[in-house]
Amino acid sequence: MFSRGKQFSDKKGTFNPYDTSRVKHTRLGVWDLYEEQEPKLAKVPGTSRFEQYMDLIECMPYVWRMVKDVLGIPSCAFLFAVHVACQFARAMMATLGTWCVTYTGSCSAIMQQAIDTRTVNTDDLLHICVGRIACGVGNLLCSALEGRIRWPLTTRIRRYYDVRLFRARARLDLPTIETTRIQRQLDDASSTVFGHSVAHSTLAMGVGVAISVFQLVAQVIVLLQLLRHHRDGILLAALSLSLELIGWLPGVTAYFPGRVWAATTSNEDYVKMEGWRRVINDISYRKEIVTGNLGEYASNEHVKASDRVGDDQGDLSTWRRERAMWHNTSPSWHFVRVFLTQAPQIVFTLRVMQYPASMPVSLASLHLINNATSSFGHRLYEVLINSKSMGEQFSSVRKMYEADNIINKVADGTIPFPEDSLSIRYGIALEFKNVSFKYPDADKYALRNISFKLLPGQLCVIVGVNGSGKSTILKLVTRLYEPEQGQILFGGHDIRTLKLFDLRQAVSVLFQDYTHFPLSIRDNIGIGDPDAAQNEAHIRLAARLGGAEEFIKALPEGFDTYLDRPVRDQYSDLPEGTKTLFGREISYTAVRDAGGMKGGGTSHLSGGQMQRLAVARTFMRSIVSEDSKVGLLLFDEPSAALDPVAEHDLFERLRELRGNKTMVFSSHRFGNLTRYADLILYMNDSVVVEAGSHEELLKREGEYAKIWNLQAKAFL
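Here the structure is a predicted model, which means the values were calculated and not measured.

Moving on, we get to the confidence of the model for the protein. Predicted confidence across the protein gives a mean pLDDT of 76, with 70% of residues reaching 70 or more. Here residues 358–362 is a poorly scored stretch, pLDDT under 50, and it has 10 contacts once near neighbours within four places are set aside; other chains count. In the model, residues 589–600 has pLDDT below 50 throughout and makes 29 contacts with residues more than four positions away in sequence or in other chains.

With that settled, consider helix α6 (residues 180–190). Listed as buried for α6 are I182, Q185, L186 and A189. Here the buried residues of α6 occupy an arc of 95 degrees about the axis, which is enough to place them on one side.

This paragraph deals with the environment of S299. Among the secondary structure elements, S299 is positioned in helix α11 (residues 295–309). Judged by its relative accessible area of 3%, S299 is buried.

Before going further, it helps to examine the sheet that holds strand β19 (residues 687–692). The sheet built from 6 strands is open, its strands ordered β12-β16-β17-β9-β18-β19 with mixed pairing. Edge positions in the sheet fall to β12 (507–510) and β19, since each has one partner strand and no second. Pairs of neighbouring strands in the sheet enclose a mean axial angle of 15 degrees, with direction left out of account. Pairing of strand β9 (residues 459–464) with strand β18 (residues 679–684) involves 5 bridges; the strand directions are parallel. Bridge pairing in β18 links V463 to Y682. Across the sheet, helix α15 (residues 470–477) lies against β9, β16 (632–636), β17 (662–667) and β18, angled at about 150 degrees from β16, the strand it touches most.

Moving on, we get to the side chain of N293. Note that N293 resides in the loop between α10 (286–291) and α11. Among the polar contacts made by the side chain of N293, one reaches the side chain of Q505 at a distance of 3.1 Å. Those residues in contact with N293, other than ones at most four positions away along the chain, are L500, F501, R504 and Q505.

So, about the packing of helix α9 (residues 268–281) against α11. Contact pair α9 / α11: the axes reach a minimum separation of 8 Å and the direction vectors enclose 150 degrees. Between α9 and α11 the crossing geometry is left-handed. For the pair formed by α9 and α11, the contact residues are D269, Y270, K272, M273, W276, R277 and I280 on the first element and Y297, A298, E301, H302, A305, S306, R308 and V309 on the second. Grouping the constituent residues of the contact of α9 with α11 by class yields 8 nonpolar, 2 polar and 5 charged.

This paragraph deals with the packing of aromatic side chains. Across all of its chains, the model carries 11 aromatic pairs by this definition. Among the aromatic residues, ring-to-ring pairing joins Y160, Y161 and Y401 into one connected group. Its end group placed over the ring of F511, K287 keeps NZ or CZ at 4.6 Å from the ring centre. Above the face of the Y445 ring, K438 is positioned so that its terminal group lies 5.2 Å from the ring centre.

On the surface, a nonpolar cluster with roughly 260 Å² of combined accessible area is contributed by I133, V137 and L141. Relative to the helices and strands, V137 is located in helix α4 (residues 122–170). When its relative accessible area of 34% is taken as the criterion, V137 is described as partly exposed.

In this section: the pairing of strand β6 (residues 261–265). Burial analysis of β6 places 5 of its 5 residues in the buried class, which makes it a mostly covered element. Burial along β6 is two-sided: the face carrying W261, A263 and T265 and the face carrying A262 and T264 are both buried. Bridge count between strand β3 (residues 31–35) and β6: 5 bridges; the pairing is antiparallel. Note that in β6 the partner of W31 across the bridge is T265.

Two orientations exist for strands paired in a sheet by backbone hydrogen bonds: parallel and antiparallel. On the basis of which strands lie adjacent, the open sheet formed by 4 strands has the order β8-β7-β10-β11 and antiparallel pairing. Two strands close off the open sheet at either side, each with one partner strand: β8 (447–454) and β11 (493–494). The sheet contact formed by strand β7 (residues 430–437) and β8 spans 5 bridges and is antiparallel. Following the sheet pairing, F432 is matched in β8 by F452. Packing against the sheet, α15 makes contact with β7, β8 and β10 (485–490), and its axis sits at approximately 115 degrees to β7.

Our next topic: the side chain of S667. When you line up the elements, S667 lands in strand β17. Non-local contacts of S667, meaning those with residues more than four positions away in its chain, are made with I462, V463, G464, K470 and E637.

This brings us to helix α18 (residues 536–545). Turn by turn, an α-helix covers 3.6 residues, leaving residues three or four places apart pointing in a common direction. Restricting attention to buried positions, one finds in α18 the residues I539, A542, A543 and L545. In a view along the axis of α18, the buried residues occupy a sector of 165 degrees, so they form one face of it. Taking the backbone nitrogen of A537 as reference, a side-chain oxygen 3.1 Å away marks N535 as the first, capping residue of α18. Just beyond α18, the residue with positive phi is G547, at close to 80 degrees.

On to the nonpolar core. Of all hydrophobic cores here, the largest spans 38 residues; its most connected members are M66, I157, Y161, L186, L203, V397 and M400. Those elements giving two or more residues to this core turn out to be α1 (56–72), α2 (76–103), α4, α6, α7 (198–227) and α14 (361–402). Apart from residues no more than four positions distant in its own chain, Y161 is found in contact with M66, D69, V70, A199, M400 and Y401. With 37 residues, the next largest nonpolar core counts I450, I462, L632 and L634 among its residues.

What follows concerns the pattern of salt bridges. Inspection of the entire model under this criterion finds 24 salt bridges. One salt-bridge network, held together by shared partners, links R156, R159, D307 and D311.

A few words now on unusual backbone geometry. With an omega of -5 degrees, the peptide bond between F417 and P418 qualifies as cis. Within the secondary structure, P418 is located in the loop between α14 and β7. Of note, N293 is a non-glycine position whose phi angle comes to about 50 degrees, a positive value. Even without being glycine, S686 reaches a positive phi, approximately 75 degrees. When you line up the elements, S686 lands in the loop between β18 and β19. A relative accessible area of 3% means that S686 is categorised as buried.

Another point: the environment of R308. For R308, the location among the structural elements is in helix α11. The spacing of R308 and M273 is 35 residues in sequence and 9.9 Å in space, taken between C-alpha atoms.

What counts, and where the lines are drawn
- Residues numbered from 1 in each chain as written.
- Predicted model: local features only at pLDDT ≥ 70, side-chain atom pairs only at ≥ 80, totals over all residues.
- Heavy atoms only, no water.
- pLDDT = per-residue confidence, 0-100.
- Contact = heavy atoms within 4.5 Å.
- Buried < 20%, exposed > 50% of the residue type's maximum accessible area, 1.4 Å probe, protein only.
- Helix = DSSP H or I, 4+ residues; strand = E, 2+ residues; numbered from the N terminus.
- Arc of directions from axis to C-beta.
- Pairing = 2+ DSSP bridges.
- Axes fitted to C-alpha atoms, helices over the stretch in contact; angles between N-to-C directions.
- Polar contact = N/O pair within 3.5 Å; in protein donor to acceptor, adjacent residues only side chain to side chain.
- Left-handed = near helix turned anticlockwise from the far one by under 90°.
- Nonpolar A, V, L, I, M, F, W, Y, C, P; charged D, E, K, R; others polar.
- Phe/Tyr/Trp six-rings, centres within 6.5 Å; stacked < 30°, edge-to-face > 60°.
- Lys NZ or Arg CZ within 6 Å of the ring centre and 35° of its normal.
- Patch = residues over 30% accessible without salt bridge, like charges linked within 9 Å, V, L, I, M, F, W, Y side chains within 5 Å.
- Areas by Shrake-Rupley, 256 points an atom, 1.4 Å probe, with all protein chains shown as cover.
- Salt bridge = Lys/Arg side-chain N within 4 Å of Asp/Glu carboxyl O.
- Core = buried A, V, L, I, M, F, W, Y, C linked by side-chain atoms within 4.5 Å.

Right under this line is the structure:
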């Protein structure tokens, strides 16, 4: 997909990212950035917003745990130690520089001596110059080293906690993750600041506050020593400090110039990694993650992709920001800044040495006090702002670790299932006893006093209008939710007593509101059976059984087609004549309609084609694999988006391929499958109105027979 800021460009012509004569290509991690000219980035200094203090003491155990975890990441202990050492070394340089300012206070006496005696203490003046230059050079070297290790340290910490939070999300069941409080906790734990994780931001803030306090104490001592030598020092310092604090403006932004640029990534591991991240973060995929026991598989796939990408991962904005910092912290630029910063002091010193009587003492005093109070005000402001944010930051750390301990609302059982692995091939018995259920925060019951019994290998068809409760029965069988009243027996066991993994491993389900993952078609089908996902023959067989093989072959990228590419191509305000980028068409209509580009690896399939892919995934899980442990097939409106011919073909395949497995099929249309059903449940308004075989229900001439006859007449 593409994403962009503006919709159109006023520039004429086209933008061709592969035109090397006009466009520069830069590799930023997994991103290929194409720019029409060299970027000139700038930083605007500022501060963070003020926040309320939180209970820091309660959060300290989690912060200490975070520190130990970070130090336990491979190589991070060394990188972090060097990083902190560089920061403290820079703080020491700043303190020495401040000391030099204080020591320069003796310039008043030196100048007075020069005026009175026409002599100058050249040794002291030279010591001051050398000391200031040495501090600047030392700060330059520390900054360069710190900049080199910042990215690997940041990336490794982010990777560690990305995996940790991924696993924490992946294990949650549907009722738990639907809870607003849990969603807010996970969002807070996953929040980033300029691409940095909660852990990295907290460590950086803690070290920054410690250094700022250290510098602040030193500057207070220096300032007091300086002020006591001047009659009006307190007044001048108060005025200078007030102006300094008022001058600081809130907010920190790094801007990019409005030039023509575009970016894409061809790293398939990064695309897959982001796809799995969306699968876990998006609630719409949760049912299939839970019922398919895909949490561990998703975590493993994400970890493998993340390991292959390594330190190159990261969103484009983070990479561009890092590049801007690299440019602004280059040694040559730092040397110029250090020299220019010290130039006035050097000129002043040389002028005093050359013309001792030409510089009034009062001007030197004002200069010294302004410098000292400016540095002191800046440091004080930093300490106040950072300490205000520490409470919120520590609270995010606590939420991050507490995500590991979130208790699922659906409790796990203790009994393994099945006792005999061979018995599951002949189906599973299923029984509802007076089951009633209503969804969380709902007033009306979705099911009321439902009772029925299925023997192993039997076929049950649940029919009724939309909203009658058909889908809810299937959700309770997979324990997405718990019934409020009654009992469900699964293979003769109370369903609550069975291990959730074993229960869901024995069930294959296709929901009415099925989902497709932001992965390739191959992966969308393959996750039906993760153990066989690498078997190409199984995937193609499942596609053929699901009726999807023909249209998949017609797609340009076949089984490698992404239904919804999780990583978007990015670009700037392109010239209006640009119609394609990276070989993919740009759709401006999609920008207006959805706020983002459609295309770039995303395939637009019809509802029927998407449903066939979902059916293929179900076949992959339940029928294709010879070692399938599935004994119960659940199909919720699998033909809703199919035409009559496709629906007939699907029913025939279901009937022929299910073998001895038990199957529950729901539909609002009465099709040929009902003729072969061992049990038909006709539902209306959350209750079972009639139950029996097709012939039995027709003889009763009740509601089922009435609707059957109405639908049959439509084809006469």
